[in-house]
Amino acid sequence: MEIKFERFHLQADLLSPLKEFESVSVPTEVRIDPLTKRRSRIITWGLPPTGKFDFSQLMAESKECFFCPENVLSKTPQFPKEIIPAGRISMGKAVGFPNLSPVGTYGSVVVLCREHFLHLNQFTPEIYEEALSLSIEIIRRIMAFDPDTRYWQISQNFLLPGGSSILHPHLQVIGDPIPTNEMEWLLDASSSYYYRNKALYWNDLVQIEQGLGKRFIASTGKIHWFVPFAPIGFNEVCGSIEGHGSTTTLGSEEINSLAKGIVSTLKYYEDKGLNSFNFSIYSIASEFAFQPLIRIISRTPIQSFYLNDWTSFEVLHSELTSNIVPEELCREIRPYFP
Ligand SMILES: [Zn+2]
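Bear in mind the structure is a predicted one, so any value in this text is a computation, not a measurement. (Residues numbered from 1 in each chain as written. Predicted model: local features only at pLDDT ≥ 70, side-chain atom pairs only at ≥ 80, totals over all residues. Heavy atoms only, no water.)

**A few points about the coordination of the zinc ion**
Logical step 1: Note on the zinc ion: its protein donors are C65 (SG), C68 (SG), H116 (ND1) and H168 (ND1). The metal-donor distances range over 2.1 to 2.3 Å.
Logical step 2: Note that the zinc ion binds 4 donor atoms; their angles at the metal cover 105 to 118°, and the shape is tetrahedral.
Logical step 3: Overall, C68 belongs to the buried group, its relative accessible area being 8%.
Logical step 4: The class of H168 is buried, set by a relative accessible area of 0%. (Donors = N, O, S within 2.8 Å, 3.2 Å for Na, K, Ca; no water. Tetrahedral: all angles 85-135°; square planar, octahedral: opposite > 155°, others 65-115°. Buried < 20%, exposed > 50% of the residue type's maximum accessible area, 1.4 Å probe, protein only.)

Put into structure tokens, the structure is as follows:
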């Protein structure tokens, strides 16, 4: 195994007005991702949330909602008949249909629940089980129609800081014949690792992280949850899905485990005073060196004086930051997992 956890220790010296202009040293750690070699800065002095946000005004202003039960089966787009003859597709309370504003070849929306708004601690494993099962069914149906669409993401953007203009909880299921940048980086690096080591990077990583114990959270069935050594976002939690090439072969047990891990992470975010997040499941069909991965990150919470968490570092230097030491996040979040 050639997995290395490399880091740089940087230090800034200054005369602090907070300590009567005494000399202080502020450390910053730069970590290098063992697979992609991408750098992350661990910055722990980020501003804390300013307390619970009152969502009542936002809920009232957005009540004319196409995703609410009275509209979702009449005012949302329909799939072409040759893909899904009924136009839309449902599973339990989840409803799927094409995105009216797609950003690629196949863009679908899966509405998670009948409720117009949920706090992070109100999402249940059942909600995600139904929505993920439905998302995977949409991927299967589209791939049966167009097998060249190998690159898929199942993502959630929650609340305005997460990039969603619609309050009603929903997933994005997006498929293309070409990968996103991130998919290509992951795939290229995983393939190179496989050829050099004759082993799957993700299995090796999980084995090492389990042994070290500092960043390994838990295994729920075949999903192995850990905090990455070099996070690419705030409070990042990853789940590696063992034994599958893409999400299309996942069974109900794995979907159930995935749902539980998402809900555990969201409960932790809620307890930390957070309210906005993104996740993405990366799924690539017919690649033996890759297995699906889920990444969940928090965003700075929606609050009256919103602070964007992407600065010139992230936007213009592709240098990503984490607001918590990964090993500390792991210690804090572990009790939330089953
Ligand atoms: Zn709604």
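Structure's up, so let's keep going.
**Points about the environment of S191**
Logical step 1: By the secondary structure assignment, S191 is in helix α4 (residues 181–197).
Logical step 2: Exposure remark for S191: the relative accessible area of 17% places this residue in the buried category.
Logical step 3: The spatial distance from the C-alpha of S191 to the C-alpha of E287 is 8.6 Å, given a sequence separation of 96 residues. (Helix = DSSP H or I, 4+ residues; strand = E, 2+ residues; numbered from the N terminus.)

**Comments concerning a nonpolar patch on the surface**
Logical step 1: A cluster of nonpolar side chains, namely W310, V315 and L316, defines an oily patch on the protein surface of about 340 Å² accessible area.
Logical step 2: Its location among the elements puts V315 in helix α7 (residues 312–317). (Patch = residues over 30% accessible without salt bridge, like charges linked within 9 Å, V, L, I, M, F, W, Y side chains within 5 Å. Areas by Shrake-Rupley, 256 points an atom, 1.4 Å probe, with all protein chains shown as cover. Salt bridge = Lys/Arg side-chain N within 4 Å of Asp/Glu carboxyl O.)

**Overview of the environment of L73**
Logical step 1: Examined against the element boundaries, L73 turns out to sit in the loop between α2 (69–72) and β4 (89–91).
Logical step 2: Put simply, L73 and G96 are 23 residues apart on the chain and 9.7 Å apart in space, counted from C-alpha to C-alpha.
Logical step 3: The contact partners of L73, leaving out residues within four places of it in the chain, are R88 and V95. (Contact = heavy atoms within 4.5 Å.)

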